Amino acid sequence: MSKDDFFRKELVVELRRIELMMKKAETVEKKLYYFSAAYGITSRTLRYSFAEDYLLADFVLNTSYNGLMERFKRLRSGDTTVELEPVHFERIQEGLKMLADAFESETSVLVPLERILTAMYATTGPGNYLREKGLLNL
């Protein structure tokens, strides 16, 4: 097995584990905690086996985590204009599963990353507004 195959397989295993752990987690805090591991594994993978798909995944996962954390912090400070709903995490989990599948089959990562990024964007003020208008569907 080549070095690149080894790191790709490790990435797939970890993304599947993260998705499962997020599903099992009962609190938003734990879901966010497990989700942070997604960009952790893409970042590590990049260091040993560079691919543009890994870079793109790392950027989207990191950006999505930071966006969710920003919303979480706002909620904790009393700003409840946009809630973190189960559907946001369900779509992210679906996206992680699809991302693992895409890396495993060496197909495009665009659709899974779009699913994850859209779920996070729906937790922002503009994204939630678009959702309320019916223009952004989860």
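These notes cover the structure that comes with them. (Residues numbered from 1 in each chain as written. Predicted model: local features only at pLDDT ≥ 70, side-chain atom pairs only at ≥ 80, totals over all residues. Heavy atoms only, no water.)

Concerning the side chain of Asp 58
Relative to the assigned elements, Asp 58 resides in helix H3 (residues 52–76). Within the buried set, Asp 58 has no salt-bridge partner at all; the shortest N-O distance to an opposite charge, 7.5 Å, is to Arg 47. At a separation of 3.3 Å, a polar atom in the side chain of Asp 58 contacts the main-chain amide nitrogen of Ser 43. (Helix = DSSP H or I, 4+ residues; strand = E, 2+ residues; numbered from the N terminus. Buried < 20%, exposed > 50% of the residue type's maximum accessible area, 1.4 Å probe, protein only. Lys, Arg positive; Asp, Glu negative; His and termini not counted. Salt bridge = Lys/Arg side-chain N within 4 Å of Asp/Glu carboxyl O. Polar contact = N/O pair within 3.5 Å; in protein donor to acceptor, adjacent residues only side chain to side chain.)

As for the packing of aromatic side chains
Under the defined criterion, the tally for this structure stands at five aromatic pairs. Here the aromatic rings of Phe 6 and Phe 7 are separated by 5.1 Å at their centres, their planes lie at 80°, and the arrangement is edge-to-face. Ring centres of Tyr 39 and Tyr 65 lie 5.4 Å apart, and the angle between their planes is 45°; on these two criteria the pair is classed as tilted. Taken as a pair, Tyr 39 in helix H2 (residues 28–48) and Tyr 65 in helix H3 lie far apart in primary sequence, 26 residues in all. Residue Tyr 65 is classed as buried on the basis of its relative accessible area of 16%. (Phe/Tyr/Trp six-rings, centres within 6.5 Å; stacked < 30°, edge-to-face > 60°.)

Some remarks on the packing of helix H1 (residues 3–24) against H2
When two helices pack together, their arrangement is given by the angle between their axes and by how far apart the axes lie. The N-to-C vectors of H1 and H2 enclose an angle of 175°; their axes lie 9 Å apart at closest approach. Comparing their axes, H2 and H1 come out roughly antiparallel. Along the contact surface, H1 presents Lys 3, Phe 7, Leu 11, Glu 14, Leu 15, Ile 18, Met 21, Met 22 and Lys 23, while H2 presents Lys 31, Tyr 34, Phe 35, Ala 37, Ala 38, Ile 41, Thr 42, Thr 45 and Tyr 48. (Axes fitted to C-alpha atoms, helices over the stretch in contact; angles between N-to-C directions. Parallel < 35°, antiparallel > 145°, perpendicular 65-115°, else oblique. Contact = heavy atoms within 4.5 Å.)

Some details on the pattern of salt bridges
Following the criterion strictly, the structure yields 14 salt bridges and no others. Taking the shortest distance from any N to any O, the salt bridge between Glu 85 and Arg 131 comes out at 3.1 Å. Taken together, the residues span a long stretch of sequence, with Glu 85 in the loop between H3 and helix H4 (86–105) and Arg 131 in helix H6 (residues 125–133) at a distance of 46 residues. The exposure class assigned to Glu 85 is partly exposed, which follows from its relative accessible area of 29%. You can call Arg 131 partly exposed: its relative accessible area is 23%. A single salt-bridge network, built from bridges that share partners, covers Arg 16, Lys 97, Asp 101 and Glu 104.

Quick notes on H6
Helical geometry note: an α-helix holds 3.6 residues per turn, so side chains three or four residues apart project in the same direction. At the N-terminal end of H6, a side-chain oxygen is found 3.1 Å from the backbone nitrogen of Gly 127, two or three residues along, and the residue is Thr 124. Looking one or two places after H6, you find Gly 134, whose phi comes out positive at around 90°.

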